[in-house]
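# Close look at the chain arrangement
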Amino acid sequence: MAKEETIKIYKNEALSIADVSNSARYIIIEESTSSHCCFEYTIVDTKEGKESYGDYWKRKMCEAFEKQEAIEICTALNKY
């Protein structure tokens, strides 16, 4: 991911799968893919490609409570 790229936050997993323009390895989904009520964001590793909606839980890196936390984690992961 180039420095000038901004982190995309997808409303749901289906929209992230449909977006073929994003080349970032780690992406943010604005929902808990583990279905835990307290998390608002999920950071997903797309190294193996974007799978069907039901397979995303296998590739999740972590979940976060706050948007800024998710952005900082995702930015750091994509940087290295």
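Computed from a predicted structure; not experimentally measured.

## Some remarks on the environment of Cys-38
The topology assignment puts Cys-38 in the loop between β2 (26–29) and β3 (41–45). The spacing of Cys-38 and Ala-64 is 26 residues in sequence and 8.7 Å in space, taken between C-alpha atoms.

## Details of the packing of aromatic side chains
For the coordinates displayed, the defined rule picks out 1 aromatic pair. With 4.9 Å between their ring centres and 25° between their planes, Phe-39 and Phe-65 make a pair best called stacked. A residue pair is termed long-range when its members are at least 10 positions apart, and Phe-39 in the loop between β2 and β3 and Phe-65 in the loop between β4 (60–64) and α2 (67–79) qualify at 26 residues. According to the relative accessible area criterion, Phe-65 is partly exposed, its value standing at 44%.

## Points about the pattern of salt bridges
Within the structure shown, the criterion is met by 3 salt bridges. Lys-11 is the salt-bridge partner of Glu-30, the closest N and O atoms lying 3.5 Å from each other. Of the two residues, Glu-30 sits in the loop between β2 and β3 while Lys-11 sits in the loop between β1 (9–10) and α1 (13–18), which places them 19 residues apart along the sequence. On the basis of relative accessibility, which here comes to 30%, the residue Glu-30 falls in the partly exposed class.

## Quick look at the sheet that holds β4
The 4 strands lie next to each other as β1-β2-β3-β4, forming an open sheet whose pairing is mixed. Of all strands in the sheet, those bounded by a partner on one side alone are β1 and β4. Pairing of β2 with β3 involves 4 bridges; the strand directions are antiparallel. In the strand pairing of β3, Ile-28 is matched with Ile-43. Against the sheet, α2 makes contact with β1, β2, β3 and β4, and its axis sits at roughly 165° relative to β2, the strand it touches most.

## Concerning the environment of Ala-24
Here Ala-24 is to be found in the loop between α1 and β2. The spatial distance from the C-alpha of Ala-24 to the C-alpha of Lys-47 is 9.2 Å, given a sequence separation of 23 residues.

## Here we look at the side chain of Ser-16
Along the polypeptide, Ser-16 turns up in helix α1. A distance of 2.7 Å separates the side chain of Ser-16 from the backbone oxygen of Glu-13, its partner in a polar contact.

## Section: the nonpolar core
Nonpolar side chains in soluble globular proteins tend to be buried together. Ile-7, Tyr-26, Ile-28, Tyr-41, Ile-43, Ala-64, Ala-70 and Cys-74 together form the largest nonpolar core, which totals 8 residues. Leave out the neighbours within four places in its chain, and Tyr-41 touches Ile-9, Ile-28, Ile-29, Glu-30, Glu-31, Cys-62, Glu-63, Ala-64, Phe-65, Glu-66, Lys-67 and Ala-70.

Rules used throughout
Residues numbered from 1 in each chain as written. Predicted model: local features only at pLDDT ≥ 70, side-chain atom pairs only at ≥ 80, totals over all residues. Heavy atoms only, no water. Helix = DSSP H or I, 4+ residues; strand = E, 2+ residues; numbered from the N terminus. Phe/Tyr/Trp six-rings, centres within 6.5 Å; stacked < 30°, edge-to-face > 60°. Buried < 20%, exposed > 50% of the residue type's maximum accessible area, 1.4 Å probe, protein only. Salt bridge = Lys/Arg side-chain N within 4 Å of Asp/Glu carboxyl O. Pairing = 2+ DSSP bridges. Contact = heavy atoms within 4.5 Å. Axes fitted to C-alpha atoms, helices over the stretch in contact; angles between N-to-C directions. Polar contact = N/O pair within 3.5 Å; in protein donor to acceptor, adjacent residues only side chain to side chain. Core = buried A, V, L, I, M, F, W, Y, C linked by side-chain atoms within 4.5 Å.

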